[in-house]
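Here are the chains, one letter per residue:
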Amino acid sequence: MSSPTNPFAAMMEQAQEQFGEMAKAVNPALETFAADGFEKLIPTMPADWMEGMFGKGLSEDGLDAKTKLLLTLAGLTCQGAQAEMPFKLTVRHAHAAGATAQEISETIAMMGMFAGLPASTRAAKLAQDALADSEKKETGE
């Protein structure tokens, strides 16, 4: 991971090693912890609660929760969908707020013009995974 062009790489590598040792000392099970799929443990907010917190509950004439969550997906896509867990959670929340898979897909596709094909492709894959997980949960698989 060290790079002669990045003076912080060695420092970050050392910090990561120290954090790993500290985590093992606190809880040995953390040695094998993987963050992949961790977002599945976080429950999706009910649509009416989301609407109250993020939607027109703040302003009757404002955007609804579904629209705000689709805009959030657009922003996360433009950032390159780097934050996988928040991205998948936002997809799940948008879906629960009434966004269809088609609307989520179109939102991501539109951002491809601004963020580039690699960012929109990654976002599409993450969204597909999140929607598939949501569908499995809904059908009880």
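Everything numeric in this text was worked out from a predicted model, so none of it was measured.

It is worth spelling out the overall build of the chain at this point. Regarding its fold elements, the chain presents six helices and zero strands. Contacts in the chain between residues far apart in sequence, at least 24 positions, make up 60% of those at least 6 positions apart. Accessible surface computed for the chain: about 9,400 Å², of which carbon and sulfur atoms make up 61%.

In this section: helix H5 (residues 101-115). For H5, built from 15 residues, the straight-helix expectation of 21 Å at 1.5 Å per residue is met to within 8% by its first-to-last C-alpha distance of 20 Å. Regarding H5, the residues found buried are Ile104, Thr107, Ile108, Met111 and Gly112. End-on, the buried residues of H5 take up no more than an arc of 160°, which puts them together on one face. Away from its buried face, by an angle of more than 90 degrees, H5 presents the exposed residues Ala109 and Met113.

The subject of this paragraph is the side chain of Ser120. Among the secondary structure elements, Ser120 is positioned in helix H6 (residues 117-139). Contact partners of Ser120, with chain neighbours within four places excluded, come to Thr77, Ile108 and Gly112.

So, on to a nonpolar patch on the surface. On the surface, a cluster of nonpolar side chains totalling about 360 Å² of accessible area is made up of Phe19, Met22 and Val26. Here Phe19 is to be found in helix H1 (residues 9-26). Judged by its relative accessible area of 55%, Phe19 falls in the exposed class.

Among the nonpolar cores identified, the biggest contains 16 residues, and Leu73, Phe87, Val91, Ala94, Ile104, Ile108 and Ala127 are the most heavily contacted of them. Counting residues per element, the ones that place at least two in this core are helix H3 (65-78), helix H4 (84-96), H5 and H6. Among the elements that make up this core, the one with the highest residue count is H6 (five residues).

Right, let's get into the pattern of salt bridges. Scanning all chains against the criterion turns up four salt bridges. Note that Glu103 and Lys66 form a salt bridge whose closest N and O atoms lie 3.1 Å from each other. In this pair, Glu103 is assigned in helix H5 and Lys66 in helix H3, connecting sequence segments 37 residues apart. Residue Arg122 is joined to Glu84 by a salt bridge in which the shortest nitrogen-to-oxygen separation is 3.3 Å.

The next point concerns the packing of H3 against H4. Each pair of packed helices can be summarised by the angle the axes make with each other and by the distance between the axes. Two elements in contact, H3 and H4, have axes whose closest approach is 9 Å; the angle formed by their N-to-C orientations is 155°. In terms of axis orientation, H3 runs roughly antiparallel to H4. Crossing of H3 against H4: the hand is left-handed. Contact with H3, carried on its side by Leu69, Thr72, Leu73, Leu76 and Thr77, involves Pro86, Phe87, Thr90, Val91, His93 and Ala94 of H4 and no other residues of that element. Partitioned by chemical class, the residues of the contact of H3 with H4 number seven nonpolar, four polar and no charged.

Quick look at the confidence of the model for the chain now. When the pLDDT values of the chain are averaged, the result is 78; 67% of them are 70 or greater. Ranking the helices and strands of the chain by mean pLDDT puts H5 first, with 93, and helix H2 (residues 47-54) last, with 66.

Another point: the side chain of Thr77. Summarising the element assignment, Thr77 is placed in helix H3. Only 2.8 Å separates the side chain of Thr77 from the backbone oxygen of Leu73, close enough to count as a polar contact. Aside from chain neighbours lying at most four places away, what touches Thr77 is Phe87, Ile108, Met111, Ala115, Ala119, Ser120 and Ala123.

Conventions we followed
Residues numbered from 1 in each chain as written. Predicted model: local features only at pLDDT ≥ 70, side-chain atom pairs only at ≥ 80, totals over all residues. Heavy atoms only, no water. Helix = DSSP H or I, 4+ residues; strand = E, 2+ residues; numbered from the N terminus. Contact = heavy atoms within 4.5 Å. Areas by Shrake-Rupley, 256 points an atom, 1.4 Å probe, with all protein chains shown as cover. Expected span 1.5 Å × (residues − 1). Buried < 20%, exposed > 50% of the residue type's maximum accessible area, 1.4 Å probe, protein only. Arc of directions from axis to C-beta. Patch = residues over 30% accessible without salt bridge, like charges linked within 9 Å, V, L, I, M, F, W, Y side chains within 5 Å. Salt bridge = Lys/Arg side-chain N within 4 Å of Asp/Glu carboxyl O. Core = buried A, V, L, I, M, F, W, Y, C linked by side-chain atoms within 4.5 Å. Axes fitted to C-alpha atoms, helices over the stretch in contact; angles between N-to-C directions. Parallel < 35°, antiparallel > 145°, perpendicular 65-115°, else oblique. Left-handed = near helix turned anticlockwise from the far one by under 90°. Nonpolar A, V, L, I, M, F, W, Y, C, P; charged D, E, K, R; others polar. pLDDT = per-residue confidence, 0-100. Polar contact = N/O pair within 3.5 Å; in protein donor to acceptor, adjacent residues only side chain to side chain.

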